[in-house]
Amino acid sequence: MLEHLRHIRAGMDEMRVDRRDVKRQLTSLEVSVANLRGGMANLHGDLAGQSGRIDRIETRLERRERRLELNDA
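Source: prediction; values computed, not measured.

Thresholds applied
- Residues numbered from 1 in each chain as written.
- Predicted model: local features only at pLDDT ≥ 70, side-chain atom pairs only at ≥ 80, totals over all residues.
- Heavy atoms only, no water.
- Helix = DSSP H or I, 4+ residues; strand = E, 2+ residues; numbered from the N terminus.
- Rg over C-alpha atoms; globule rule 2.2 N^0.38 Å.
- Buried < 20%, exposed > 50% of the residue type's maximum accessible area, 1.4 Å probe, protein only.
- Lys, Arg positive; Asp, Glu negative; His and termini not counted.
- Charge placed at Lys NZ, Arg CZ, Asp CG, Glu CD.
- Patch = residues over 30% accessible without salt bridge, like charges linked within 9 Å, V, L, I, M, F, W, Y side chains within 5 Å.
- Areas by Shrake-Rupley, 256 points an atom, 1.4 Å probe, with all protein chains shown as cover.
- Salt bridge = Lys/Arg side-chain N within 4 Å of Asp/Glu carboxyl O.

Participant: Explain the overall build of the protein here, please?
Facilitator: Looking only at helices and strands, one finds one helix and zero strands in the protein. Its C-alpha atoms give the protein a radius of gyration of 31 Å, more than 25% over the compact-globule value 11 Å for 73 residues. Overall size of the protein, expressed as C-alpha extent along the three principal axes, is 100 × 20 × 5 Å. Looking at the 73 residues of the protein, the share that counts as buried comes to 0%. Within the protein, one finds 15 positive and 13 negative side-chain charges whose respective centroids are separated by 7 Å.

Participant: Please explain the environment of Ile57 as it appears in this structure.
Facilitator: Topologically, Ile57 is positioned in helix H1 (residues 2-67). On the basis of relative accessible area, Ile57 is assigned to the exposed category, the value being 51%. Between the alpha carbons of Ile57 and Ile8 there is a distance of 73 Å; along the sequence they are 49 residues apart.

Participant: I keep staring at unusual backbone geometry and nothing clicks. Help me out?
Facilitator: Residues apart from glycine generally show negative phi values, whereas peptide bonds are mostly found in trans. One non-glycine residue, Glu69, adopts positive backbone phi at about 60°. When you line up the elements, Glu69 lands in the segment after H1. Residue class for Glu69 comes out exposed when judged on its relative accessible area of 66%.

Participant: Help me understand a negative patch on the surface, please; the structure alone is not making it clear to me.
Facilitator: Together, Asp55, Glu58, Glu62 and Glu65 give the surface a local cluster of negative charge. For Asp55, the location among the structural elements is in helix H1.

Participant: What is the right way to read a nonpolar patch on the surface from this model?
Facilitator: Among the surface-exposed residues, Met1, Leu2, Leu5, Ile8, Met12 and Met15 lie close enough to one another that they form a single nonpolar patch of about 690 Å² accessible area. Position of Met15 relative to the elements: it lies in helix H1. Of the residues examined, Met15 reaches a relative accessible area of 56% and is grouped as exposed.

Participant: Sorry if this is basic, but what is going on with a positive patch on the surface here?
Facilitator: A cluster of basic residues, Arg60, Arg63, Arg64, Arg66 and Arg67, forms a positive patch at the surface. Within the secondary structure, Arg63 is located in helix H1. Arg63 sits in the partly exposed class, given a relative accessible area of 40%.

Participant: Would you mind going over the pattern of salt bridges with me for this structure?
Facilitator: Where side chains of opposite charge bring their charged atoms close, a pairing between them can arise. What the rule picks out here adds up to three salt bridges. Across the pair Asp21 and Arg24 runs a salt bridge, and its minimum N-O distance is 3.1 Å. A residue pair is termed a helical-turn pair when its members lie 3 or 4 positions apart in one helix, as Asp21 and Arg24 do in helix H1 at three residues. With a relative accessible area of 55%, Arg24 lands in the exposed category.

Treat this as a map of the structure, not an account of what it does.
Pasting the structure below:
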């Protein structure tokens, strides 16, 4: 009986170690996902800024075309 209890205890100790490893890996994955989300947010901000610049350039180009009386015919 004592031998069985030792075997069970050894198995439980192994499971505790495995659970700790899984928790560490999960935490690492959570940090990685958070970093990816931050990177995506930065990309969206950059794209929004570029869209604004392109819009301003288009507006300026349209004004110049009107001033020079250039029309698409």
